Amino acid sequence: MAVVAVYSVKGGVGKSTIAASLAWSAATLSRRQTLLWDLDVQGAAAFLTGCDAANGSRAASIFTRDLEPDQLIVPTPYDRLDLLPSDDSLRRLESLFAMIGKRRRLARLTEILSQRYERIVLDCPPALNELSAQIIRAATLIVVPLPPSPLARRALEAIRGELAYHHKKHPPLLPVLSMVDMRRKLHRDTVAELPDWPIIPMASQIEQMAARRAPIGSFAGASEPGRALARLWTGVERKLVEG
Ligand SMILES: Nc1ncnc2c1ncn2[C@@H]1O[C@H](COP(=O)(O)OP(=O)(O)O)[C@@H](O)[C@H]1O
Ligand SMILES: [Mg+2]
């Protein structure tokens, strides 16, 4: 079992888009039992997999163990892919964690879920707080989408430094250049400077995910952006297997 967190301190960098695509790829291309767990109150993961937003305010109760994850998990339209949707109650998570004082609560929950799921993909909120600390303790691998810029490498090192400062041990980071537009010189220069980093192009097919409410693989898997997201999943799987 592996927990793949898609994380950044920034919003609007493509986290949810990438998380939904990776989860779809895990379920469809790798044929693994997969759970997409939405930890962000925005609820983009449900939206992008064509699921109804969770009604009610129970998502936080999983963390207090008042509710079993199974009571909230829903199937998506895709084989082997389930969703644990978010709702507004997640706004209370910080005070909840302070109250329950369990530093490994999310890690423990993902361990329990590993009886049913081979891959758990976490769509994370843009923050540096106790929830992100819990995510770091639970994750096997952290995918970090970064906007292409000469500062991308420094942005990654800043996150690495922050993790090293707060966590004796942290999972490996996989940086991804997100929303790359090769017509722009700055983007081309960044790509040339960071040849080993996976690239997700800025593309209308990817944007279409939000209009169609479906992962790109399900409607444009053979397009270049669709293949870029599938390749990203292959890279993630390789890293997971290599350990
Ligand atoms: N590679 C891309 N090409 C074009 N639009 C994208 C791409 N990635 C994300 N977007 C769009 O950018 C916006 C923010 O993406 P999202 O995945 O929600 O970011 P985050 O989860 O980091 O806030 C969304 O409208 C999404 O459709
Ligand atoms: Mg998001």
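Scroll up a little and you will see the structure.
Residues numbered from 1 in each chain as written. Chains lettered and ligands numbered in written order. Predicted model: local features only at pLDDT ≥ 70, side-chain atom pairs only at ≥ 80, totals over all residues. Heavy atoms only, no water.

**Q** Tell me about the site of ligand 1, and please be specific about residues and values.
**A** Neighbouring residues of ligand 1: 14 residues in total, closest Gly12, Lys15, Ser16, Thr17 and Pro201. Separating an oxygen atom of ligand 1 from a side-chain N or O atom of Lys15 is a distance of 2.8 Å. One nitrogen or oxygen atom from the main chain of Ser16 is found 2.9 Å from an oxygen atom belonging to ligand 1. Alone, ligand 1 offers 560 Å² of accessible surface; in the complex the protein occludes 79% of this. Those elements giving two or more residues to the shell around ligand 1 turn out to be α1 (15-28), β8 (199-201) and α8 (204-212). Among the elements that make up the shell around ligand 1, the one with the highest residue count is α1 (3 residues). By residue class, the composition of the shell around ligand 1 is 7 nonpolar, 5 polar and 2 charged. (Near = heavy atom within 4 Å. Polar contact = N/O pair within 3.5 Å; in protein donor to acceptor, adjacent residues only side chain to side chain. Areas by Shrake-Rupley, 256 points an atom, 1.4 Å probe, with all protein chains shown as cover. Helix = DSSP H or I, 4+ residues; strand = E, 2+ residues; numbered from the N terminus. Nonpolar A, V, L, I, M, F, W, Y, C, P; charged D, E, K, R; others polar.)

**Q** Kindly report on helix α4 (residues 105-113), identifying the contributing residues and their values.
**A** Listing the buried residues of α4 in full gives Arg105, Leu106, Ala107, Leu109, Thr110 and Leu113. In the core, the buried residues of α4 are packed alongside β1 (2-6), β2 (34-38), α3 (93-100), β5 (119-123) and α5 (130-138). (Buried < 20%, exposed > 50% of the residue type's maximum accessible area, 1.4 Å probe, protein only. Contact = heavy atoms within 4.5 Å.)

**Q** Residues and numbers for the side chain of Asp82, please.
**A** Secondary-structure assignment places Asp82 in strand β4 (residues 81-84). Residue Asp82 is classed as buried on the basis of its relative accessible area, which comes to 16%. Not counting the four nearest positions on each side in its chain, Asp82 is found in contact with Thr34, Leu35, Leu36, Ile73, Val74, Pro75, Thr76, Arg116 and Tyr117.

**Q** Report on the packing of α3 against α5, specifying residues and quantitative values.
**A** In contact at an axis separation of 8 Å, α3 and α5 are set at 70° when each is read in the N-to-C sense. When the axes of α3 and α5 are compared, the pair comes out roughly perpendicular. Where α3 approaches α5, its residues Leu93, Glu94 and Phe97 are matched on the opposing element by Glu130, Leu131 and Gln134. Classifying every residue of the contact of α3 with α5 gives 3 nonpolar, 1 polar and 2 charged. (Axes fitted to C-alpha atoms, helices over the stretch in contact; angles between N-to-C directions. Parallel < 35°, antiparallel > 145°, perpendicular 65-115°, else oblique.)

**Q** Let's hear about the sheet that holds β5: which residues, and what values?
**A** Ordered by their spatial adjacency, 8 strands build an open sheet running β3-β4-β2-β5-β1-β6-β7-β8, and the pairing between neighbours is mixed. The sheet terminates laterally at β3 (74-75) and β8, the two strands that pair on one side only. Sheet topology note: the β1/β5 ladder contains 5 bridges and is parallel. Counterpart to Ala2 in the pairing with β5 is Arg119. Where helix α7 (residues 185-193) meets the sheet, it contacts β7 (173-180) and β8, and its direction lies at approximately 155° from that of β7. (Pairing = 2+ DSSP bridges.)

**Q** Lay out the pattern of salt bridges in plain terms, naming residues and giving numbers.
**A** Here the structure, examined in full by the defined rule, presents 15 salt bridges. Between Arg119 and Glu237 there is a salt bridge, with the nearest N and O atoms lying 2.6 Å from each other. Of this pair, Arg119 sits in strand β5 while Glu237 sits in helix α10 (residues 224-242), and the two are 118 residues apart along the sequence. The exposure classification of Arg119 matches that of Glu237, with both residues buried. With a shortest N-O distance of 3.1 Å, Asp181 and Arg183 are connected by a salt bridge. Residue class for Arg183 comes out exposed when judged on its relative accessible area of 73%. One network of salt bridges, in which partners are shared, links Arg32, Glu118, Arg119 and Glu237. (Salt bridge = Lys/Arg side-chain N within 4 Å of Asp/Glu carboxyl O.)

**Q** Before we move on, can you summarise the side chain of Ser132 with the specific residues and values?
**A** For Ser132, the position within the fold is in helix α5. Given the relative accessible area of 4%, Ser132 is considered buried. Setting aside residues up to four positions removed in sequence, Ser132 forms contacts with Tyr7 and Ala127.

**Q** Give me the pairing of β7: which residues, what numbers.
**A** Across the 8 residues of β7, 7 count as buried, placing the element largely inside the fold. For strand β6 (residues 141-146) and β7, the ladder comprises 5 bridges, and the chain directions are parallel. The residue of β7 that forms the bridge with Val143 is Leu174. For the crossover that starts at β6, traverses helix α6 (residues 152-166) and ends in the parallel β7, the hand is right-handed. Two elements, β7 and β8, share 2 bridges in a ladder whose sense is parallel. Each residue of the ladder has a partner; that of Val180, found in β8, is Pro201. A crossover links β7 with its parallel partner β8, the connecting element being α7, and its sense is right-handed. (Right-handed = clockwise from strand over helix to strand, strands pointing away.)

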